[in-house]
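# Understanding the architecture of this molecule
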Amino acid sequence: MFLPNCRMTPQSLVTLLTRYQNGSATDEERAQIEAWYENLDGPAESVLSATDKNAFIEKYWQELAPQISTEAPLRRLPTVFYRVAAAAVVLLVMGLGGYFFLNRSTSNQTELASHQSDEQIVSRTNESNKPLRISLSDGSAVTLQPRSTVYYATTFVGRKREVRLNGEAFFEVAKNPDKPFLVYANGMVTKVLGTSFTIIGHAGKPTSEVVVRTGRVAVYRQTDTEDRESDVVLKPNEKATFFRSDSRIVKALADRPVVLKPEAIRTHFVFDDTPVARVFRELDDVYGVHISFDEQALVNCTLTANLANLSLPAQLDMICLSIGATYQTNGTRIRINSSGRGCS
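Residues numbered from 1 in each chain as written. Predicted model: local features only at pLDDT ≥ 70, side-chain atom pairs only at ≥ 80, totals over all residues. Heavy atoms only, no water.

The next thing to look at is the nonpolar core. Core analysis: the biggest nonpolar cluster contains 31 residues, and Phe171, Phe197, Ile199 and Val219 have the highest contact counts within it. Formed by 28 residues, the second largest nonpolar core is a distinct cluster that contains Phe271, Leu283, Leu307 and Cys343. (Core = buried A, V, L, I, M, F, W, Y, C linked by side-chain atoms within 4.5 Å. Buried < 20%, exposed > 50% of the residue type's maximum accessible area, 1.4 Å probe, protein only.)

Next comes the structure, spelled out in structure tokens:
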């Protein structure tokens, strides 16, 4: 979402919008304005109804319109330009607290208003074709993927560290039990004390996703009150997907689980006539994923294979192929289905 600098004056905003209108804005300025427009028309997250919000914006547009320069030829982007211009002026009139009022649940308004004057919000957009690492003031770091934008305070004040994301990023959060770290992305909120995780949340898209690498995180809807205990808590190699259409959060195993305990790889994933039950236990331990199977049915099954440099799904495919079994993932658990014939 486009977030003008909190200290931007109405006149400097008018200048920015005029540059957008006549085509002289930079690529980053255009991307920010158009990203905000996309979010403005997305599913409602505000405490105002869509009708009330539009009426509110139209009121301030009447005050802004005469100030916009019309000397340059008008670009054919009237819907984007005029609605964004009106909403941007509303943001400046209301201040940063008003921005959160339109886009966050009412439970957070009081605290945000109490320290908004102390926080300067900045944005960083990765316009390159490779990941961009950004250091935050609390020692946390954000690895921002191309064509993604993150919004954050230059210095975190108050009881929370809050960040907004449009796109994809990997977060490494510095531990601070007294000041939780919250990431807002496309209707989903991820709350942590100190951990590492990836979030994919493009404004206006039907889903958002968080995948945990280390530690634990709580995931809830942006419309939930913050004091409500989340019923979705993720551990390493687990993910949550938020479906905007029905505000549903689904917990599952990460698509590509990573090795969590390298020291537990006793065999370097190279097996020589190794009992399959032992192989499954090693994978369970290394990835921190629960793998269940009928040990009696597999008592005669052994494995001779090199599973190094393979993902967990590929390793399971190879094992099951060799013993005539299949596997299925149910939530965050993996179940091995043997044929009942065992191994000769």
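Our focus in this paragraph is the packing of aromatic side chains. Counting across every chain of the model gives five aromatic pairs. Aromatic side chains Phe156 and Phe181 sit 6.3 Å apart centroid to centroid with 65 degrees between the ring planes, which places their arrangement in the edge-to-face category. Taken together, the residues span a long stretch of sequence, with Phe156 in the loop between β4 (149–153) and β5 (161–172) and Phe181 in strand β6 (residues 181–185) at a distance of 25 residues. For the residue pair Phe156 and Phe181, the accessibility class agrees, reading buried in each case. Judged by centre distance (5.4 Å) and plane angle (15 degrees), the ring pair of Phe171 and Phe197 falls under stacked. In this pair, Phe171 is assigned in strand β5 and Phe197 in strand β8 (residues 196–201), connecting sequence segments 26 residues apart. Neither Phe171 nor Phe197 differs from the other in exposure class; each is buried. One aromatic cluster is present, built from ring pairs that chain together Phe156, Phe171, Phe181 and Phe197. (Phe/Tyr/Trp six-rings, centres within 6.5 Å; stacked < 30°, edge-to-face > 60°. Helix = DSSP H or I, 4+ residues; strand = E, 2+ residues; numbered from the N terminus.)

Within the secondary structure, Thr143 is located in strand β3 (residues 141–144). Since its relative accessible area comes to 18%, Thr143 is described here as buried. Those residues in contact with Thr143 that sit more than four places away from it in its chain are Pro131, Leu132, Arg133, Glu168, Ala169, Phe170 and Glu172. (Contact = heavy atoms within 4.5 Å.)

The next point concerns helix α8 (residues 312–323). An α-helix turns once every 3.6 residues. As a result, residues three or four positions apart point the same way. For α8, which comprises twelve residues, the first-to-last C-alpha distance of 17 Å matches the rise-based estimate of 16 Å (1.5 Å per residue) to within 8%. Along its buried surface, α8 packs onto α7 (276–287), β16 (302–306), β17 (326–330) and β18 (333–337). Gly324 occupies a position one or two residues after α8 and carries a positive phi of about 70 degrees. (Expected span 1.5 Å × (residues − 1).)

Turning our attention to α7. Its twelve residues give α7 an end-to-end C-alpha distance of 17 Å, which sits within 8% of 16 Å, the value for a rise of 1.5 Å per residue. Burial in α7 covers these residues: Val276, Ala277, Val279, Phe280, Glu282, Leu283, Val286 and Tyr287. Its buried side turned inward, α7 meets β14 (270–275), β15 (290–292), β16, α8 and β18. Phi for Gly288, located one or two positions after α7, is positive at around 70 degrees.

This paragraph deals with the pattern of salt bridges. Taken as a whole, this structure holds nine salt bridges when the rule is applied. With its nearest N and O atoms 3.7 Å apart, the salt bridge here joins Glu238 to Lys251. A residue pair is termed long-range when its members are at least 10 positions apart, and Glu238 in strand β12 (residues 238–243) and Lys251 in strand β13 (residues 248–253) qualify at 13 residues. Ionic pairing is found between Arg248 and Asp246, a salt bridge with its closest N-O pair at 3.0 Å. (Salt bridge = Lys/Arg side-chain N within 4 Å of Asp/Glu carboxyl O.)

Attention shifts here to the sheet that holds β17. With mixed pairing, three strands are arranged side by side in an open sheet as β15-β18-β17. A single partner strand is all that each edge strand has here, and the edge strands are β15 and β17. Neighbouring strand axes in the sheet, compared pairwise and without regard to direction, differ in orientation by 20 degrees on average. (Pairing = 2+ DSSP bridges. Axes fitted to C-alpha atoms, helices over the stretch in contact; angles between N-to-C directions.)

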